[in-house]
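# Structural description and commentary
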Amino acid sequence: MLLLFALLNTAALVLWRVALQSLVRTPMRQVILVGCGPAALDVARKIREHHFHGLEVRGYLPVPGSRSPAALEDLDERQDASPDRRDDVLGRRLASAAELQLLLASGEVDDVILAPEADSWQTALIDEIAGSRPRRPTILLLPGPFESLIGTMRYRWINDLPLIEVMREGDWRAAMPVKRAFDLAGAALLAIAASPLFLLAALAVRLSSAGPVLFRQERVGRALRPFKVAKLRTMRQDAERESGEILALRDDPRLTPVGGFLRRYRLDELPQLWNVLVGEMSLVGPRPERPGFVRQHLAGVPGYAERFAVLPGLTGLAQVNGEYHSTPENKLRYDLAYIANRSLWLDLSILVRTVRIVLTSQGV
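What you see is a predicted model; the values in this text were computed from it and never measured.

### So, the overall build of the protein
- Of regular secondary structure, the protein possesses 14 helices and eleven strands.
- Looking at the protein as a whole, 36% of its 364 residues are labelled buried.
- Once local pairs closer than 6 in sequence are excluded, the contacts in the protein between residues at least 24 apart make up 71%.
- Taken as a whole, the protein presents about 21,800 Å² of accessible surface, with 62% of it coming from carbon and sulfur.

### Examining the packing of aromatic side chains
- Enumeration over the complete set of coordinates arrives at two aromatic pairs.
- Ring geometry for Phe261 against Tyr265: centres 5.1 Å apart, planes inclined by 50°, an arrangement best described as tilted.
- What makes Phe261 partly exposed here is its relative accessible area of 46%.
- Both rings, one in Tyr304 and one in Phe308, keep their centres 5.7 Å apart while their planes meet at 70°; by these two values the pair is edge-to-face.
- A cation over an aromatic ring shows up here: Arg307 above the ring of Phe308, its NZ or CZ 5.5 Å from the ring centre.

### Here's the deal with the sheet that holds strand E2 (residues 55-61)
- In spatial order, the strands read E3-E2-E1-E4; together these four strands make up an open sheet with parallel pairing. The open sheet has two edge strands, strand E3 (92-93) and strand E4 (111-114), and neither has a second partner.
- Pairing of strand E1 (residues 29-34) with E2 involves six bridges; the strand directions are parallel. Bridging from a neighbouring strand, Leu33 pairs with Tyr60 of E2.

### Looking at the nonpolar core
- Membership of the largest hydrophobic core comes to 16 residues, with the highest contact counts inside it found for Leu283, Tyr338 and Ile350.
- At the level of elements, strand E9 (226-232), helix H10 (272-277), strand E10 (282-284), helix H12 (317-321), helix H13 (328-341) and helix H14 (344-360) are the ones that each hand at least two residues to this core.
- Residues Ala44, Ile47, Leu90 and Ala115 belong to the second largest nonpolar core, which totals twelve residues.

### Thoughts on the side chain of Arg307
- Relative to the elements of secondary structure, Arg307 occurs in the loop between helix H11 (291-300) and strand E11 (313-315).
- Note on Arg307: relative accessible area 5%, which makes it buried.
- Within polar-contact distance, the side chain of Arg307 engages the backbone oxygen of Arg287 at 3.0 Å.
- At a separation of 3.0 Å, a polar atom in the side chain of Arg307 contacts the side chain of Asp335.
- Ignoring sequence-local partners within four residues, the contact set of Arg307 consists of Pro286, Arg287, Glu289, Leu332, Asp335, Leu336 and Ile339.

### Concerning the confidence of the model for the protein
- For the protein, the average pLDDT comes to 81, and 80% of its residues sit at 70 or higher.
- By mean pLDDT, helix H3 (residues 68-79) is the weakest element of the protein at 48, and E10 is the strongest at 96.
- For residues 78-84, every residue scores under 50 in pLDDT, and the model assigns this stretch ten contacts once sequence neighbours within four places are set aside.

### A short note on the pattern of salt bridges
- The final tally for this structure, using the stated rule, is ten salt bridges.
- Where Asp42 meets Arg45, a salt bridge forms, and the shortest distance between an N and an O atom there is 3.9 Å. Placement of the pair is Asp42 and Arg45 together in helix H2 (residues 38-49), with a separation of three residues, close to one helical turn.
- Look at Asp42 and you get buried, because its relative accessible area is 16%.
- Between Glu108 and Arg58 there is a salt bridge, and its shortest N-O distance comes to 2.8 Å. Here the residue Glu108 occupies a position in the loop between helix H5 (97-106) and E4, and Arg58 occupies one in strand E2, the gap between them amounting to 50 residues.

### Some thoughts on the pairing of E2
- After leaving E1, the chain enters H2 and then returns to the sheet as E2, a path that is right-handed.
- Bridge analysis of E2 against E3 gives two bridges, and the strand direction is parallel. Residue Tyr60 lies in a different strand from E3, and its bridge partner there is Arg93.

Rules of the game
Residues numbered from 1 in each chain as written. Predicted model: local features only at pLDDT ≥ 70, side-chain atom pairs only at ≥ 80, totals over all residues. Heavy atoms only, no water. Helix = DSSP H or I, 4+ residues; strand = E, 2+ residues; numbered from the N terminus. Buried < 20%, exposed > 50% of the residue type's maximum accessible area, 1.4 Å probe, protein only. Contact = heavy atoms within 4.5 Å. Areas by Shrake-Rupley, 256 points an atom, 1.4 Å probe, with all protein chains shown as cover. Phe/Tyr/Trp six-rings, centres within 6.5 Å; stacked < 30°, edge-to-face > 60°. Lys NZ or Arg CZ within 6 Å of the ring centre and 35° of its normal. Pairing = 2+ DSSP bridges. Core = buried A, V, L, I, M, F, W, Y, C linked by side-chain atoms within 4.5 Å. Polar contact = N/O pair within 3.5 Å; in protein donor to acceptor, adjacent residues only side chain to side chain. pLDDT = per-residue confidence, 0-100. Salt bridge = Lys/Arg side-chain N within 4 Å of Asp/Glu carboxyl O. Right-handed = clockwise from strand over helix to strand, strands pointing away.

Below you can see the structure in the form of structure tokens.
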């Protein structure tokens, strides 16, 4: 009965959504992007590729002093876009903020997306002090009118001055023993439940290719401390002899006969439950990266050092929301969002959503 209900419910839900999309035509929300750098181009491309969000880029307004020529050159390199297609990505260029005001007043534009083009001095400062402190301090910001309008925030007051808590460590430090107990219990239960599957996967690795069943690889954990992560081997032993340290690709030719299947359904990650049990990883957190990639991203991605404030995880917010080839910058946005909002309820939500990602072979 449960299986029949699941099949009928899925079919009915699909038919209902198809009918709604066919009969109810919701008008697209018109969007103006403020900025024309790489961040604005990424937003415009996502909106164009995923039209089901109901958004359409109407145009863009360059930020005064913006580096629009460099931004357009970056678009050519990253998107293989010819000059005559640039207008298709960002829409028409607005002459001034006054024109944007007229479009908003007439109702022709619904949303305005701010896409900054330059790294702020705040981000540069956080990067500079990230590796020099034993613990995360509380960082407070004296807000201007713009910051005061940003959603729900935690405030402190010094007499009559409001200060926004940008980073706060105290509350989460008190909850760390609870999270550690949650990790231990969850990892132990998962290890017991998945042990038959692990044994079958290990046997398949052993029979399908020469080499060890498990391999250990160095990753970077909390506070930039290196550790060895355990995985089921999915590639040939000499996979990186010629290429060096590179990211895995979909349908990677270096994969063994069963490696693609194990990687697709994340079965190669099962041994990392041991890393959780010994305290090197958590069930949920930013995914640990290899040292070479970490050095590269620390040098080129502003704010990247902040993701090492917590233990890396088996899964994370980027893994249940991002795409396989999502950029390091976009993954960092999710990682920092998780760090700023982390809680056991959020961890549970991510774990439940990870089950869907594993079953459908999606995600990062």
